[in-house]
Amino acid sequence: LLKYSLITGGTASIVIYVLIACLNKQIAAVFNSENIAELAQIAEIGLIIYFAGSVFASVNAIFSSYFSAIEKPLPSQIITLLKGLFIIIPAIYLFSFLLDMTGVWLSYVVTEAIVFVIAIIIYSVFRKRTLAKMQLEMENNIQSTDEMSE
């Protein structure tokens, strides 16, 4: 189920991003009724940059939900706190200082990308531990069965 969620979420995010990238001028115009050229330019660029993080964000949300669903709240909280507090705030300050408004947009993408990598690592460690635990249990069950048959 996790695999299908990741595929569906990732695909939907890519489709949405492509639509936003193709329609960024029209979307920005909806919020710029006074046709201010500078505002339009900022919004058009911002939409393309900001929504590049949507694929990472969807995967991060799926991993966070997955860990909550299997009653593993710590990994879920780590993912949520990293993206919502511990990475985004320093990223906004750093990137806005370095790149002005473009940096503000980019801070979201960078935050989601960093959390994406961390979420993959957390999941990989969790999966490895779970598989090792399952293998040990199977070996113990086989050993118990062998002892009972002797």
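A few points on the structure. All figures in this text were calculated on a predicted structure; none of them were measured in a lab. (Residues numbered from 1 in each chain as written. Predicted model: local features only at pLDDT ≥ 70, side-chain atom pairs only at ≥ 80, totals over all residues. Heavy atoms only, no water.)

It is worth spelling out the overall build of the protein at this point. A count of helices and strands for the protein gives 6 helices and 0 strands. Along the protein, helices (α) and strands (β) appear in the sequence α-α-α-α-α-α when read from the amino end. Over its C-alpha trace the protein gives a radius of gyration of 22 Å, far above what one expects of a compact globule, namely 15 Å for 150 residues. Taken along its principal axes, the extent of the C-alpha atoms in the protein is 85 × 30 × 20 Å. Counting only residues that meet the buried cut, the protein has 28% of its 150 residues in that class. Put simply, 67% of the contacts in the protein that link residues at least 6 apart link residues at least 24 apart. Approximately 10,200 Å² of the protein is accessible, and the part contributed by carbon and sulfur atoms is 69%. The positive charge centre, built from 8 side chains, and the negative charge centre, built from 11, are 3 Å apart in the protein. (Helix = DSSP H or I, 4+ residues; strand = E, 2+ residues; numbered from the N terminus. Rg over C-alpha atoms; globule rule 2.2 N^0.38 Å. Buried < 20%, exposed > 50% of the residue type's maximum accessible area, 1.4 Å probe, protein only. Contact = heavy atoms within 4.5 Å. Areas by Shrake-Rupley, 256 points an atom, 1.4 Å probe, with all protein chains shown as cover. Lys, Arg positive; Asp, Glu negative; His and termini not counted. Charge placed at Lys NZ, Arg CZ, Asp CG, Glu CD.)

Looking now at the nonpolar core. Among the nonpolar cores identified, the biggest contains 13 residues, and L2, F63, F67, I79, V115 and Y123 are the most heavily contacted of them. Of all elements in the fold, only helix 4 (54-69), helix 5 (73-86) and helix 6 (88-149) reach the threshold of two or more residues within this core. A per-element tally of this core places helix 6 first, with 5 residues. Other than its neighbours up to four places away in sequence, L2 contacts I62, F63, Y66 and Y123. (Core = buried A, V, L, I, M, F, W, Y, C linked by side-chain atoms within 4.5 Å.)

Before going further, it helps to spend a moment on a nonpolar patch on the surface. A cluster of nonpolar residues, L81, L85, F86, I89 and Y93, forms a patch on the protein surface that exposes about 520 Å² of accessible area. Looking at the nonpolar patch, the elements with two or more residues in it are helix 5 and helix 6. By residue number, the principal contributor to the nonpolar patch is helix 5, which donates 3 residues. By the secondary structure assignment, L81 is in helix 5. (Patch = residues over 30% accessible without salt bridge, like charges linked within 9 Å, V, L, I, M, F, W, Y side chains within 5 Å. Salt bridge = Lys/Arg side-chain N within 4 Å of Asp/Glu carboxyl O.)

Let's shift gears to the packing of helix 4 against helix 5. When two helices pack together, you describe them by how their axes are tilted relative to each other and by the distance separating the axes. Where helix 4 meets helix 5, the closest approach of the two axes is 7 Å, and the angle between their N-to-C directions is 150°. Of the possible angle classes, the one that applies to helix 4 and helix 5 is roughly antiparallel. Read as a crossing pair, helix 4 and helix 5 show a hand that is left-handed. For the pair helix 4 and helix 5, contact is made by A57, N60, F63, S64, F67 and S68 and by P73, P75, S76, I79, T80 and K83, respectively. Tallied by class, residues from the contact of helix 4 with helix 5 come to 6 nonpolar, 5 polar and 1 charged. (Axes fitted to C-alpha atoms, helices over the stretch in contact; angles between N-to-C directions. Parallel < 35°, antiparallel > 145°, perpendicular 65-115°, else oblique. Left-handed = near helix turned anticlockwise from the far one by under 90°. Nonpolar A, V, L, I, M, F, W, Y, C, P; charged D, E, K, R; others polar.)

For T111, the position within the fold is in helix 6. Among the residues examined, T111 registers a relative accessible area of 1% and is labelled buried.

On to the packing of helix 1 (residues 2-22) against helix 4. One way to put it is that helix 1 packs onto helix 4 with a least axis distance of 8 Å and a crossing angle of 155°. In terms of orientation, helix 1 and helix 4 fall into the roughly antiparallel class. Regarding helix 1 and helix 4, the two cross each other, and that crossing is right-handed. Counting all contacts with helix 1, which are made through L2, S5, L6, G9, G10, S13, I14 and Y17, the residues of helix 4 involved are S54, V55, S58, V59, I62, F63 and Y66. Along the lines of polarity and charge, the residues of the contact of helix 1 with helix 4 split into 9 nonpolar, 6 polar and no charged.

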